[in-house]
Amino acid sequence: MSTVTTAAATTNKLFLEETIAGLKAEPKHMHSKYFYDEAGDYIFQQIMNMEEYYLTDAEMDILANQTSALVEVVSAAGTAFDLIELGAGDATKSIHLLRALINQQFDFKYFPIDISEHVISSLEQSLPAQLPGLTMQGLNGDYFEMLQTASEISSRRKVVLFMGANIGNMNPAEARGFCAQLRDQLSKDDLLIVGFDLKKNPQQILSAYSDGGGITRSFNLNLLSRINRELEGNFDVQNFEHYATYDPETGACKSYLISLTNQTVKIGNEQIRFEENEYIFMEISQKYALTDIENLARTTGFEPVHNFYDKNKYFVDSVWKC
Ligand code: AVI
């Protein structure tokens, strides 16, 4: 019998443990990081193309139209650095910055980090052809472990990108813990650029997470299908409905799956009981006021240096110095 533990086996074990623990907890919850298998990546692409999902266009507006100003901020402390992107996705936004840095012949290496193996292998295939002259190394795994790996490969000044409002998928306490941990792994003169979705008209926010075409619904339900595929589950996805809420006071946009009936679901050897109307908390997409962003930076050891807004002021890429 083989005693070799593969990375995939470890990931699956954690997926199983965290899923069972979350579904046995009161109230039931899942981890939105598990949305992103190959099918989930594909549905998320569709979300980003939705009319209602204003976030992608807003951040694209910043990257595409304020590239020179971004390059200036990024290179203020020198033109040799490592550009590390946490949750790189398909890099369609950062490609504007990468292109400008290559054109200006900056001495940089791009390290995209993503927990999706599929995302990293696609980037490694597509980016060098799109950006001749790019030096890159994709890293698949946990952000902090991969940031450590990047530091072992290279010891140059770091410019870290954490865009796409990914920070919104943490609650405020988790975001503080995350930023503080990031600060611990960075050094003087390193930069962090974080994308935040700003508080705005509540109906506009709610529509982005409760679209009429049901794409966000499929995105959430895909996690149940993924459990069926990978963890020997037997969810009947038709027995669950997607429900999103937005609280303008706290800025928390939350999504849930509601059990439409009394039911028992099997996952591997475990049985999970759902009552009719019982919810599973699936994801938070936290929205921020500018004062929240400034507080977050300062309380975690960063100094905010510049804010880049899109033309509608829906979104901000906030630049923080160590
Ligand atoms: C990846 N993340 C920033 C998205 C968001 O807006 O919270 C995930 C998402 N969930 C539903 N729609 C989009």
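To keep things clear, this report deals only with the structure shown in the data block. (Residues numbered from 1 in each chain as written. Predicted model: local features only at pLDDT ≥ 70, side-chain atom pairs only at ≥ 80, totals over all residues. Heavy atoms only, no water.)

Below, the discussion takes up the packing of helix α7 (residues 143-153) against helix α8 (residues 172-185). Relative to each other, α7 and α8 sit at 10 degrees, their axes nearing to 11 Å. Considered as vectors, α7 and α8 are oriented roughly parallel to each other. For the pair α7 and α8, the sense of crossing is right-handed. Along its contact with α7, which presents Y143, F144, L147 and Q148, the element α8 presents F178, Q181, L182 and Q185. Residue classes in the contact of α7 with α8 are distributed as five nonpolar, three polar and no charged. (Axes fitted to C-alpha atoms, helices over the stretch in contact; angles between N-to-C directions. Helix = DSSP H or I, 4+ residues; strand = E, 2+ residues; numbered from the N terminus. Parallel < 35°, antiparallel > 145°, perpendicular 65-115°, else oblique. Left-handed = near helix turned anticlockwise from the far one by under 90°. Contact = heavy atoms within 4.5 Å. Nonpolar A, V, L, I, M, F, W, Y, C, P; charged D, E, K, R; others polar.)

Tallying each qualifying case throughout the model produces 24 aromatic pairs. Ring geometry for F240 against F274: centres 5.2 Å apart, planes inclined by 85 degrees, an arrangement best described as edge-to-face. Of the two residues, F240 is situated in strand β7 (residues 240-247) and F274 in strand β10 (residues 270-274); the sequence distance between them amounts to 34 residues. We note that F240, like F274, is buried. Among the aromatic residues, those joined into a cluster by ring pairs are F35, Y36, F44, Y53, Y209 and F219. It is K28 that lies over the ring of F274; its NZ or CZ is 5.1 Å from the centre. (Phe/Tyr/Trp six-rings, centres within 6.5 Å; stacked < 30°, edge-to-face > 60°. Buried < 20%, exposed > 50% of the residue type's maximum accessible area, 1.4 Å probe, protein only. Lys NZ or Arg CZ within 6 Å of the ring centre and 35° of its normal.)

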